[in-house]
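Letter by letter, the chains look like this.
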Amino acid sequence: MAKASAAKPGAIGAIDYLAQPDKFPLGPVCAVAGDEAFLKREVLKTVRCLVLGGDRDFSLSTFEGDAAELRDVLDALATATLFGGERRLVIVEEADSFVSEHRSELETYVQQPAKGSVLLLEVKTWPSNTRLAKAVIASGLAIECKSPSEAQIKRWLIQRATAEYGIRLEAAAADTLVEMLPPELGILEQELAKLSLLVGKHGAIDTNVVRENVGGWRTRTTWDLVDAAADGRAAEALSQLHRLIAAGEKPHALLPQIGHALRQLATATRLIEMAESAGGRLSLRSALEQAGVPPFKLATAERQLRQLGRPRAKQLTSWLLAADLAMKGHNSADTRARLELERLIVRLSAAGSDRSRPTSPMSSR
C-alpha cells in the first residue's frame, strides 16, 4: 500500500488513489485537479474503467470546458444510451472556467445528481474551502494530481515496476533513474517500460542496468534546450548546446532530437488552421494530442506553442528544413553545423522574448 501523500484536506493524492482505486468510491461527481499530466491520464483511465468497464464509448461523453454549455452537460448526464451500459461517464476537460461560470448550478447538481451517472471535472485548481468542493467531498471524490516529491517518485517507481511489469526495481536503481532523468512520471514510466523488456518477466533492475541503458543527462539537456529556446531564454539554450557539444554530441545528431518536438508544434498549428478553415475549432490540447505529443509533455508543449505564437509556429517546418539542408550541404562541417543550430535557437528564442504579442497560437498576428 502506498504511503499517504500530503494532499489538500478532503482530497486524495493520485498515487494513493491509483494504488487502491476500489478503496475510494467515486460518487456522482469527481474532481481531478492538478498539473501532473501523467497522473491525470492514469486517473482518467482508471475512472473510465471503473465506471464503464471496458470500451463502452456509447456511455462516455466528453466536453471541452471553455466551450461546454451547462445544458448539454446536464443532458448527457440524464440521458441513457441505447447501446451503452447502465452507468454513464461525462467528462469536462480543462473545466476551470466551466466551474467558475456554473458554480451554483453545479452545487445544486451535486445535491440532486442524475442516477447512474458520474460527472468528472478535470481542473487545474480545486480550492478545498469552496461550497462546491465541500459538497463533492461529502458525496463524491476529489483526486489531486500534483507533482510528487522525489521520495514519492522513488516509491512509485518501485511499486510500478512490480504491479505493471512484474519485475523488481532495486531502491538504488530507482535513485539512479531519478538522478539521471527529469522528475516527470511519464518520462520515467517510458524508461521503466524499456528496462522491463531488457530484464524480462520476473527480472531485476539494478544500477548497472540503468546506467548502461538510460540516456542520462544528455537526453535531459536536449529537452531543457528546447524548453529554454521556446521560452525565449536564448542564453540558457545556447549554454545547453555548448554543454552537449563539449560532451561529444555531434550537431548533426542533435538536430533530429530538437526537430522532433518542433515538428509536433508545427503539426498542431496546421491542425488548428485546418479546423478553422472547415468552420470549426480545435483546442490546443486536442491539436497537440493529434500531433503525437505524449500526455506527460502536453503542458510543456502547450506553453511553448503559446510562447511561439502562430506566425512563428507556421515557420517551424521551413526553419528545420533550412537547417537540415545547410547541415548536409555548405555547412556540413561540425563547426558550421553548430552555427546552424545556434541560428535556429535564436529564431525560436526571439519569439519567446517578445512579450508584446498575443500569447495564443490561435491569433494570426
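Heads up: the structure comes first, above all this text.
As a starting point, this report considers the structure included with it. Bear in mind the structure is a predicted one, so any value in this text is a computation, not a measurement. (Residues numbered from 1 in each chain as written. Predicted model: local features only at pLDDT ≥ 70, side-chain atom pairs only at ≥ 80, totals over all residues. Heavy atoms only, no water.)

**Brief notes about the environment of Leu339**
Residue placement: Leu339 occurs in helix α17 (residues 334-353). As for Leu339 and Pro251, which are separated by 88 residues in sequence, their C-alpha atoms are 9.2 Å apart. (Helix = DSSP H or I, 4+ residues; strand = E, 2+ residues; numbered from the N terminus.)

**Side note on the pattern of salt bridges**
All told, the structure shown has 24 salt bridges when counted by the stated rule. The residue Glu69 makes a salt bridge to Arg71 at a minimum N-O spacing of 3.8 Å. Here Arg306 and Glu302 are joined by a salt bridge, their closest N and O atoms 3.3 Å apart. Taken as a pair, Arg306 and Glu302 lie in helix α15 (residues 298-313) at a separation of four residues, close to a single helical turn. (Salt bridge = Lys/Arg side-chain N within 4 Å of Asp/Glu carboxyl O.)

**What about the packing of helix α5 (residues 103-111) against helix α6 (residues 131-139)?**
Relative to each other, α5 and α6 sit at 20°, their axes nearing to 9 Å. In this view, α5 runs roughly parallel relative to α6, as classed from their interaxial angle. Here α5 runs over α6; the crossing is left-handed. Across from Arg103, Leu106, Glu107, Val110 and Gln111 in α5, the residues of α6 making contact are Arg131, Leu132, Ala135, Val136 and Ser139. (Axes fitted to C-alpha atoms, helices over the stretch in contact; angles between N-to-C directions. Parallel < 35°, antiparallel > 145°, perpendicular 65-115°, else oblique. Left-handed = near helix turned anticlockwise from the far one by under 90°. Contact = heavy atoms within 4.5 Å.)

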